[in-house]
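Spelled out from the first residue to the last, the chains are:
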Amino acid sequence: MATGTQLSVADQIRQLEGARGLVLKDVSYYAQVIQATLPIIGPSSQVEFRRWGSEFLAEAFASPAVPLSSKETLSLGVLDTLKSLVEDPRQDVLVLRGVIQAAASIYPLAMRWIINNSYDSTTWEKMTAIKTRIRDIWDTAPLTIRICCVKFAQRVVLAHTSSANPEPRRGDALDISRNMVPAGHSALDGDQLEAEAFGLLDRMLNVLENESSDPLLVDATLNTLSILIRQRPKTTNRIVSALLNFNPLRLATATPLTPKTKVLIKSMEKTTRMLLTHLYRRDPHNPLAGRMQQYVERLVRSRAEIFDDNGRKRAMVEQAAAVEAKRQRIATVSSQPQIEITPLKPGANTLAEVFTFTNNDGLKKFNVSDTIPAPLAARISVRTIVQLDTDILQRAINGVRDRLALLREAAQQPISPETAPLDVEEDDDDYEPDYYAAEDTEQLMNKLDSSPSDERRDLQAPVLGALALPAFKLPAPPTLNPEQAARVGQGAIARVFGTMRALEDPATKKPKAGLHRLAASSYDRDSWLTVITRLATRANAGLDEILVKDEGSAVSLPSINMCDSIREMLFNYVLEDFRKRIDVAVTWLSEEWYRERVQQRFASPSGPPREIPEKYESWTLRLIDAFLPYLHAQDKILTRFLSELPELTPSILARVNTLCRDPSLVNLSLTSLYYLVMLRPPVRDIALDTIQDIWTAYEDARPMAAKYLQKWRPGYVDAAQQGLSGTPVGTDGAIVAT
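Residues numbered from 1 in each chain as written. Predicted model: local features only at pLDDT ≥ 70, side-chain atom pairs only at ≥ 80, totals over all residues. Heavy atoms only, no water.

How should I be thinking about helix 18 (residues 374–387) in this particular structure?
Residues spaced three or four apart along an α-helix point in a common direction, a consequence of the helix completing one turn every 3.6 residues. Between its terminal C-alpha atoms helix 18 stretches 20 Å, which fits the 20 Å expected from 14 residues at 1.5 Å a residue. Burial of helix 18 is sparse: only one of the 14 residues sit out of reach of the surface. (Helix = DSSP H or I, 4+ residues; strand = E, 2+ residues; numbered from the N terminus. Expected span 1.5 Å × (residues − 1). Buried < 20%, exposed > 50% of the residue type's maximum accessible area, 1.4 Å probe, protein only.)

Below you can see the structure in the form of structure tokens.
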């Protein structure tokens with residue numbers, strides 16, 4: 001900010017916003033940024049800088065991400081700036097609002113500081129001056145400032161009264177109360193603080209008794225009372241009495257019921273009702289619980305009477321007839337379109353005419369396929385069908401069915417020459433028949449022979465012309481290359497992991513069924529885990545080592561190995577909460593070990609040698625390296641993990657050896673190894689070898705390691721000590737002859 005005099009106000013504000021973005025990402029920079037910006041946001045600065053600074057300080061001290069100790073230290077440095085800003089009688093409203101909000105967050109911190117440092121009376125005098133100034137402008141300031149003053153008064157009442165927690169040092173560190181003030185404190189008097197608190201509380205509750213109070217201020221006051229009742233029991237009776245004497249519906253009788261007034265009345269009524277309902281449900285044994293419940297019921301009835309009566313007001317006498325006629329006409333009008341199903345015209349009809357109910361010639365000639373894209377037409381159709389009335393849609397469907405049925409009957413009905421109509425209307429007076437020679441018997445017989453027989457006519461299928469629907473076939477799906485298929489598989493596995501995270505652990509642990517358990521038999525977390533681990537270990541078993549020797553027959557394999565991708569997801573899933581998900585790790589690694597053993601058993605001894613990929617040891621080492629840095633001295637998870645692994649190798653136990661670099665973890669490392677010595681005889685030798693390596697490499701671990709070695713390898717420690725002076729010693733503790 002050294003070039004601030006050369007930059008415009010907008011540019012400097014932009015730089016300050018960059019500093020704010022920095023501290024929001026890393027709260028450790030708050031101290032540096034606040035110290036650097038205090039000279040810029042002082043009382044002599046421009047109003048834009050003061051607005052930004054007051055808002056930034058209010059945000060900083062209200063942030064839960066900043067540690068309490070850091071807030072307490074920072075608050076000591078900003079009190080002078082806040083005091084000079086709040087005491088300016090011509091201060092900007094937005095600046096004053098931010099200053100009061102910051103002071104509300106700082107006041108408990110300043111009180112905690114003066115409790116522990118009674119010699120620093122100057123800091124408490126500054127905080128008292130700020131409090132006095134806020135109290136003086138409370139009644140005369142604009143509404144937004146008065147709401148902030150209510151919040152500040154609430155924080156003062158919380159700090160000056162006794163907490164519900166009898167032992168404040170063991171309770172919430174943010175709950176600063178009179179209980180923390182020691183008797184005989186040089187700067188604070190507990191009785192005086194409590195008297196001041198009740199005075200501020202009465203001033204807050206005076207808003208509920210004053211009929212001229214602004215509804216927004218009333219709502220703000222009501223929202224601050226719940227925490228006072230919950231954390232300060234001494235204030236309960238006073239607050240509840242004020243609430244029972246408060247009528248949130250009084251504005252309905254004092255002013256006309258405009259839309260704004262209705263919103264304000266409903267807001268105050270709902271806030272009051274919810275507050276009292278919360279109070280008597282939270283403490284049903286309270287002596288005032290019955291009165292609160294009766295008040296809430298009476299409030300609900302009064303609200304219904306006021307707003308329902310207002311909605312049922314009768315019309316004026318001279319307008320009664322018009323209003324009634326209007327209501328009758330509106331009642332007959334439906335919001336849904338009405339359709340009229342007309343019969344089809346005689347002759348051939350297209351499929352579009354069967355499904356068309358409109359009489360508008362323009363709509364009939366409108367070709368949707370040439371004008372509107374198919375996706376847009378599909379969305380419009382779906383949206384219209386969803387919003388359409390069910391009765392109208394059913395009526396249209398029935399109309400189409402009736403039309404199709406009529407067309408089918410007309411096509412299937414045989415035409416008899418004896419009953420066929422002569423196309424002569426009975427009421428046509430101008431009809432004059434044509435006179436021509438009648439056909440003889442031979443001509444009639446020739447016509448009958450040339451006409452199709454009745455049997456063949458019955459077998460002939462009716463032809464509906466344009467009504468025949470073409471066969472619909474789905475287009476062939478696009479072929480996926482190996483890379484696309486691998487990505488799709490990764491997405492499917494990721495969704496399965498999302499399902500596993502959503503499923504809760506069962507309340508009762510079921511016994512494991514072993515390696516031959518059924519996968520996905522109950523669709524719980526364990527079943528999905530079985531599916532995932534077997535996809536990772538068994539899906540491509542025997543395919544990892546396939547090599548394509550012929551270049552002409554080479555197949556493009558995906559660069560993404562699906563099984564390795566699943567293993568990576570399992571690895572990340574376990575590390576998200578490795579203490580609770582250590583059983584997932586054991587299940588997964590057991591499947592890896594089982595896969596390797598099965599492949600080794602069925603490997604063909606006569607065929608070419610195949611290199612079986614060893615995944616068990618590599619992923620076990622990676623998992624141990626990942627969670628070892630997070631272990632503590634009382635952690636039992638390492639012992640459990642080592643004891644449940646299907647196979648332990650010297651390289652795995654060598655990772656346990658590295659724990660002894662931290663002296664606090666020596667006991668954990670040796671205890672886990674000694675557990676293996678006691679309860680896993682197959683790995684006893686390599687566990688004892690690891691203990692010997694610890695005894696040799698780490699002097700801090702020698703007393704405890706020597707105690708275990710004296711029992712299981714007697715004489716090793718003495719021989720090893722002699723070996724340090726030049727005598728060689730074997731791994732089993734025996735002296736090697738030279």
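Structure's up, so let's keep going.
Sorry, what's going on with the packing of helix 25 (residues 582–601) against helix 27 (residues 637–644) here?
Each pair of packed helices can be described by the angle between their axes along with the distance between the axes. Relative orientation of the contacting elements helix 25 and helix 27 amounts to 20°, with a least axis distance of 10 Å. As judged from the angle between their axes, helix 25 and helix 27 are roughly parallel. The handedness of the crossing between helix 25 and helix 27 is right-handed. For the pair helix 25 and helix 27, the contacting residues are Ile-582, Asp-583, Ala-585, Val-586 and Leu-589 in the first and Ile-637, Arg-640, Phe-641 and Glu-644 in the second. Of the residues in the contact of helix 25 with helix 27, the class split is six nonpolar, no polar and three charged. (Axes fitted to C-alpha atoms, helices over the stretch in contact; angles between N-to-C directions. Parallel < 35°, antiparallel > 145°, perpendicular 65-115°, else oblique. Left-handed = near helix turned anticlockwise from the far one by under 90°. Contact = heavy atoms within 4.5 Å. Nonpolar A, V, L, I, M, F, W, Y, C, P; charged D, E, K, R; others polar.)

Explanation requested: the nonpolar core in the structure shown.
Soluble globular proteins: nonpolar side chains tend toward being buried together. Counting 93 residues, the largest nonpolar core has Ile-34, Ile-100, Met-127, Phe-152, Leu-225, Leu-243 and Met-292 as the members making the most contacts within it. Among the elements that make up this core, the one with the highest residue count is helix 5 (residues 93–116) (14 residues). Aside from chain neighbours lying at most four places away, what touches Met-127 is Leu-79, Ala-103, Ile-106, Tyr-107, Ala-110 and Phe-152. If you look at the next biggest cluster of nonpolar residues, it comprises 62 residues, including Val-496, Ala-585, Leu-673 and Val-683. (Core = buried A, V, L, I, M, F, W, Y, C linked by side-chain atoms within 4.5 Å.)

Which parts of the structure should I look at to understand the packing of aromatic side chains?
Here the distance between the centres and the angle between the planes together describe a pair of aromatic rings. Under the counting rule described, the total for this entry stands at eleven aromatic pairs. An angle of 90° between the planes, with centres 5.5 Å apart, marks the rings of Phe-627 and Phe-641 as edge-to-face. Of this pair, Phe-627 sits in helix 26 (residues 616–627) while Phe-641 sits in helix 27, placing them 14 residues apart in sequence. In this structure, Phe-627 and Phe-641 share a single accessibility class: buried. (Phe/Tyr/Trp six-rings, centres within 6.5 Å; stacked < 30°, edge-to-face > 60°.)

I keep staring at the side chain of His-185 and nothing clicks. Help me out?
Mapped onto the elements of the fold, His-185 is located in the loop between helix 7 (143–160) and helix 8 (190–209). Reaching out from His-185, the side chain makes a polar contact with the backbone oxygen of Ile-114 at a distance of 3.0 Å. A distance of 3.2 Å separates the side chain of His-185 from the backbone nitrogen of Leu-188, its partner in a polar contact. (Polar contact = N/O pair within 3.5 Å; in protein donor to acceptor, adjacent residues only side chain to side chain.)

Could you clarify how one ought to interpret the pattern of salt bridges in this entry?
Following the criterion strictly, the structure yields 33 salt bridges and no others. In this structure, Arg-14 and Asp-11 form a salt bridge, with 2.6 Å as the shortest nitrogen-oxygen distance. Residue Arg-14 and its partner Asp-11 are both found in helix 1 (residues 9–25); the two are separated by three residues, about one turn of the helix. Note on Asp-11: relative accessible area 27%, which makes it partly exposed. For Asp-191, the salt bridge is made with Arg-178, and the minimal N-O distance between the two is 2.6 Å. Note that Asp-191 is positioned in helix 8 and Arg-178 in the loop between helix 7 and helix 8, a separation of 13 residues in sequence. Exposure remark for Asp-191: the relative accessible area of 53% places this residue in the exposed category. (Salt bridge = Lys/Arg side-chain N within 4 Å of Asp/Glu carboxyl O.)

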